[in-house]
Amino acid sequence: MSDLTHLTIAEAADLLARREIASVELTEAHLRRIDAHDTHLNSFITITSDHALTQARAADAELTRGVRRGPLHGIPLALKDLYDTAGIRTTAGSTFFADRVPDTDARAVTLLYQAGAVLLGKLNMHEWALGVTNINPHYGPSRNPWDPSRITGGSSGGAAAALAAGLCMGALGSDTGGSIRIPASLCGIVGLKPTFGRVSLQGVIPLSWNLDHAGPMARTVTDAALLLQAIAGYDPDDPVSVALPVDNLLATLDAGVTGWRIALATDAHFGEADPEVISAVRRAATVFEELGARVEAVDLSQGREAAQMNALMTTSDAAAFHRDRLRDHPHRFGADVLARMERGAQFTSTEYILARRFQSEWRRRLERLFEQFDLLLTPATPITAPVIEGLDAIEAARQLTRCTAPFNLAGLPALSVPCGLSAAGLPIGLQIVAAPWNEARVLRAGRAFENATQWHRQTPPGW
């Protein structure tokens, strides 16, 4: 209680429900922390102090009347700056949208508001979400709280930095090739990419219509589950939303993994990682064995081609979405984003069709894998956070998406949880993947791992 910004969502929700703290008190604590530290970290593009305090006062008033909307009631959150917010600018990290103020909220934002959440602001991101460094030429780079000379990862890098530094309690990101899980891994937090179609993309500025996923980022698996529970579900206004029921994600969260059969990717593709990363992931696999699961090595070497096809489709879709801007104002894009979009525009229809065919084959192969296994374990990122200075953003995208992009292509639920620290004191992430619509399973596994380890409790030095 000495620092309200150290609370988890679950802890704060309990205190709010018992009226031991107020939402205004909690919100003010986070706004003070943002004011003190974000000049250095640069995790926010827009801070909505007045809006947040208005929402917090309304949340407190409802609690005083005995009205509690759920565990997110009065909780201060933040949004990657590609979620439309009525009356609040939404830039997508670009100059094109620097002054764009939507009239309506994205569907996921509406659901958060209905749950009583408080909006602290809009988070920095890689321009147009097309990159994984969060070195934004227009709004400046987000910096990793574990070492501010290093990247946060992206494109949801502002969210990861803000969470690791205690500037917000939870966030929504987006993930097309790893943009939730990569920064989660590099900043030592939790990030979940749900199944494609599980969370509405209505009002989320697109990168790829075929590969985008919206999802939660938090400091614990329980908090990620609370966020997903609030935003998941069918939306008839989103053409890729799927009308399937959403599990009670909290009901089995602490049920463990005893008797589960778990696959560990050890092939040349997923195994091509820094030795410290491989060692941490193997230790994590041992933890699952100690928890009563059976772990077996599997070969998923087609993951390399899956990552390549994901990149082809991502850049092609981006070039299509931005075709007028690319034609009329190419100079307004950052260099790495422009280069990737121009490459995407060069792919032929035949190449795109073949990528879509591979996508179907890859998804089927993974569906068959999950007929035998409950889960798949891989590194979340093959390396820890590289330094900002001199970084090749395009090469970083190729390297950092290696383990995450294959599961965007297949649309499967995938979770990144902290599983170690390197000798340099940098976070390492474990990726947990399951069959479609099994968010409850990956969260249950992530929670079991948290219960058996302390990595999620590690915080950046000085924070």
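So, here is what we can say about the structure in this document.

1. Overview of the packing of aromatic side chains
Summed over all chains, the structure comprises 7 aromatic pairs. Measuring from centroid to centroid gives 5.8 Å for Trp209 and Phe321, while their planes differ by 80°, and the two rings are edge-to-face. In this pair, Trp209 is assigned in the loop between strand S7 (190–193) and strand S8 (213–218) and Phe321 in helix H9 (residues 303–321), connecting sequence segments 112 residues apart. Its relative accessible area of 23% is what places Phe321 among the partly exposed residues. Between the aromatic rings of Phe270 and Phe407, the centroid separation amounts to 5.9 Å while the plane-to-plane angle is 25°, which identifies the pairing as stacked. Taken together, the residues Phe270 in the loop between strand S9 (261–265) and helix H8 (275–290) and Phe407 in helix H14 (residues 405–410) connect sequence positions 137 residues apart. Ring-pair connections join several aromatic residues into one group, and the members of that group are Phe96, Phe97, Trp128 and Phe333. Between the NZ or CZ atom of Arg325 and the centre of the ring of Phe96, over which it lies, the distance is 5.8 Å. Taking the ring centre of Phe321 as reference, the NZ or CZ of Arg325 above it sits at 5.3 Å.

2. Topic: the sheet that holds strand S2 (residues 76–80)
Taken together, 11 strands build an open sheet; the order of strands is S1-S3-S2-S6-S8-S7-S12-S13-S11-S9-S10 and the sheet is mixed. Edge positions in the open sheet fall to strand S1 (44–47) and strand S10 (294–298), since each of these has one partner strand only. Averaged over all pairs of adjacent strands, the angle between their axes in this sheet comes to 30°, without regard to strand direction. Two elements, strand S6 (residues 171–175) and S8, share 5 bridges in a ladder whose sense is antiparallel. Bridged to Asp175 within S8 is His213. This element, H8, spans S9, S10, strand S11 (375–379), strand S12 (414–421) and strand S13 (427–433) of the sheet and lies at about 50° to S13.

Criteria and thresholds
- Residues numbered from 1 in each chain as written.
- Predicted model: local features only at pLDDT ≥ 70, side-chain atom pairs only at ≥ 80, totals over all residues.
- Heavy atoms only, no water.
- Phe/Tyr/Trp six-rings, centres within 6.5 Å; stacked < 30°, edge-to-face > 60°.
- Helix = DSSP H or I, 4+ residues; strand = E, 2+ residues; numbered from the N terminus.
- Buried < 20%, exposed > 50% of the residue type's maximum accessible area, 1.4 Å probe, protein only.
- Lys NZ or Arg CZ within 6 Å of the ring centre and 35° of its normal.
- Pairing = 2+ DSSP bridges.
- Axes fitted to C-alpha atoms, helices over the stretch in contact; angles between N-to-C directions.
- Contact = heavy atoms within 4.5 Å.

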